[in-house]
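Here's the letter readout for the chains.
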Amino acid sequence: MSYVVPNEAPAPRFDRVLAGQKALVTGASKGLGQATAIGFAKAGADVLINYNGDRAGAEETKAAVEAAGQKAVIFRANVAKEDEVAGMFRVMQEEFGRLDICVPNAAHQLNAKVDEMTLAEWQGVIDVNLTGVFLCAREAVRAFKRQGIDRSVSAAMGKLIFMSSVHDVIPWEGHANYAAAKGGLMLFMKSLAQEVSHLRIRVNSVSPGAIRTPMNVEKLTSQEVYEKLLLKLIPNKRIGEPEDVAQAAVWLAADQSDYVCGTTIYVDGGMCLYPGFIGAG
Ligand code: BGC
């Protein structure tokens, strides 16, 4: 018996499980942030679209959110800057009147071997990928506490969904700053979940593997690298699509996951399953 393994994602589905909710997504001008913002809109949420550099990408996200029938507001802020993050949450309040879902997604990679890594490369990644998440999470928890629970919108006081990575558990040589930030993010997420779950603030992470985003562009344009990645590192033998991740974020934001606190959903086609052992253990 032989099997044909389809190398395609199933059609994404976003039912209106977030109707009436207001979401803030950082780094929403491209990649996972863009797909998540659009997924939220298709599920019925209005969205504040944060970007830092790519205004055109943010406009694209806005058009897609509006095409889904939802309100979109674009706000430029560097998430590593305390005053800019505070300003963004003020605009969230002014424009949307509340905050139900916050996805601190903005992240970047500055790759180098440790002995060649500059302090700026270390700090640049920690500032955005870890400190930026802290600054957004702090403002989100403050906003959730100020507004309390509105059960007509959600059973939760608020939801924080961190965009982590398989590299919160898989070491990554040449990317130690990135792996350190994501590993740190995992215990930040769990510690915060422990701190605020009694208030019905739900804090969780999505940890994507290799997804078809601009961050992975070189892996996807080189057939050789793509094949190596696909065949050796991903047991289910397809690259992830941004919508695979967006659908997990929608579920974590919806009351369907009301009893899910302080956990990480790996959306990685099995990348965390030590695929190097397949046929070699
Ligand atoms: C990185 C990608 C990488 C993936 C799996 C992600 O966190 O952003 O560049 O392909 O992990 O290694």
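Above this text you will find the structure in question.
Everything numeric in this text was worked out from a predicted model, so none of it was measured.

**Student:** Could you clarify how one ought to interpret the overall build of the chain in this entry?
**Tutor:** Counting its secondary structure elements, the chain contains eight helices and seven strands. Here the chain has a C-alpha radius of gyration of 18 Å; the compact-globule value for 281 residues is 19 Å, and the two agree. A burial count over the chain gives 52% of its 281 residues as buried. In the chain, 74% of the contacts between residues at least 6 apart in sequence involve partners at least 24 apart. Of the roughly 13,200 Å² of accessible surface on the chain, a fraction of 55% belongs to carbon and sulfur atoms. Each charge class in the chain can be summarised by its mean position, and for the 29 positive and 31 negative side chains these summaries are 5 Å apart.

**Student:** Is there a simple way to explain the sheet that holds strand E5 (residues 158-163) in this structure?
**Tutor:** Two pairing modes exist for strands in a sheet, parallel and antiparallel, and in both the strands are linked by backbone hydrogen bonds. The sheet built from seven strands is open, its strands ordered E3-E2-E1-E4-E5-E6-E7 with parallel pairing. Whereas interior strands pair on both sides, the edge strands pair on one side only; in this sheet they are strand E3 (72-76) and strand E7 (264-267). Averaged over all neighbouring strand pairs, the angle between strand axes comes to 15°, with direction disregarded. In terms of strand pairing, strand E6 (residues 201-208) meets E7 through four bridges, oriented parallel. By the bridge assignment, Pro208 is partnered in E7 with Val267.

**Student:** In this structure, what is going on with empty space enclosed by the protein? I would like to understand it.
**Tutor:** Within this structure, the stated rule accounts for one cavity of 30 Å³ or more. There is about 30 Å³ of room inside the largest cavity. What lines the largest cavity is simply Phe89, Met92, Gln93, Leu99, Ala143 and Arg146. With three residues, the top contributor of residues to the lining of the largest cavity is helix H3 (residues 82-96).

**Student:** Quick question: what am I supposed to make of H3 here?
**Tutor:** The periodicity of an α-helix, 3.6 residues per turn, causes residues three or four places apart in sequence to face the same way. With 15 residues, H3 extends 21 Å between its outermost C-alpha atoms, agreeing within 8% with the 21 Å of an ideal straight helix rising 1.5 Å per residue. Taken as a whole, H3 has its buried residues at Val85, Gly87, Met88, Phe89, Val91, Met92 and Phe96. Close packing links the buried residues of H3 with strand E1 (22-25), strand E2 (46-51), E3, strand E4 (101-103) and helix H4 (119-147). Trailing H3 by a residue or two, Gly97 shows a phi angle of about 80°, which is positive.

**Student:** For this particular structure, what's the right way to read the site of the ligand?
**Tutor:** Close to the ligand lie Gln109, Ser165, Val166, His167, Trp172, Tyr178, Gly209, Ala210, Met215, Asn216, Lys219 and Met271, which account for all nearby residues. In the complex, 92% of the free accessible area of the ligand, which totals 310 Å², lies under the protein chains. One can see that the ligand is located within the largest pocket.

**Student:** What am I meant to see in the layout of surface pockets here?
**Tutor:** Any empty space left between atoms is shown by rolling a water-sized probe over those atoms. Roughly 1,100 Å³ of volume is contained in the largest pocket. As for the largest pocket, its lining consists of 48 residues, and the residues nearest its centre are Gln109, Ser165, Tyr178, Lys182 and Met215. Looking at the lining of the largest pocket element by element, the count peaks at three residues for helix H1 (residues 31-42). When its residues are assigned to classes, the lining of the largest pocket shows 25 nonpolar, 18 polar and five charged. Taken as a whole, the second largest pocket encloses approximately 160 Å³ of empty space. Secondary structure elements with two or more residues in the lining of the second largest pocket: H1 and helix H8 (242-253).

**Student:** Sorry if this is basic, but what is going on with the pattern of salt bridges here?
**Tutor:** Opposite charge on two side chains makes pairing possible when the charged atoms of those side chains draw close. Taken as a whole, this structure holds 13 salt bridges when the rule is applied. Of the charged contacts in the structure, one is a salt bridge between Asp15 and Arg13, with a shortest N-O distance of 2.6 Å.

**Student:** Please explain the pairing of E2 as it appears in this structure.
**Tutor:** One face of the sheet, then the other: side chains in a regular strand alternate in exactly this way. Summarising burial for E2: six of the six residues are buried, a large majority. Residues of E2 alternate between two faces, with Asp46, Leu48 and Asn50 on one and Val47, Ile49 and Tyr51 on the opposite face, all of them buried. Two strands pair when backbone bridges link them, and E1 and E2 are joined in this way by four bridges, in the parallel orientation. Bridge pairing in E2 places Val25 opposite Ile49. Running through H1, the crossover from E1 to the neighbouring parallel element E2 is right-handed.

The rules we used
Residues numbered from 1 in each chain as written. Predicted model: local features only at pLDDT ≥ 70, side-chain atom pairs only at ≥ 80, totals over all residues. Heavy atoms only, no water. Helix = DSSP H or I, 4+ residues; strand = E, 2+ residues; numbered from the N terminus. Rg over C-alpha atoms; globule rule 2.2 N^0.38 Å. Buried < 20%, exposed > 50% of the residue type's maximum accessible area, 1.4 Å probe, protein only. Contact = heavy atoms within 4.5 Å. Areas by Shrake-Rupley, 256 points an atom, 1.4 Å probe, with all protein chains shown as cover. Lys, Arg positive; Asp, Glu negative; His and termini not counted. Charge placed at Lys NZ, Arg CZ, Asp CG, Glu CD. Pairing = 2+ DSSP bridges. Axes fitted to C-alpha atoms, helices over the stretch in contact; angles between N-to-C directions. 1 Å grid on protein atoms, 1.4 Å probe; cavity = no way out; pocket = protein on both sides within 12 Å on 5 of 7 lines; lining within 4 Å. Points joined across faces, edges and corners; volume = space filled by probe spheres on them. Expected span 1.5 Å × (residues − 1). Near = heavy atom within 4 Å. Sits in = over half its atoms within 2 Å of the grid points. Nonpolar A, V, L, I, M, F, W, Y, C, P; charged D, E, K, R; others polar. Salt bridge = Lys/Arg side-chain N within 4 Å of Asp/Glu carboxyl O. Right-handed = clockwise from strand over helix to strand, strands pointing away.

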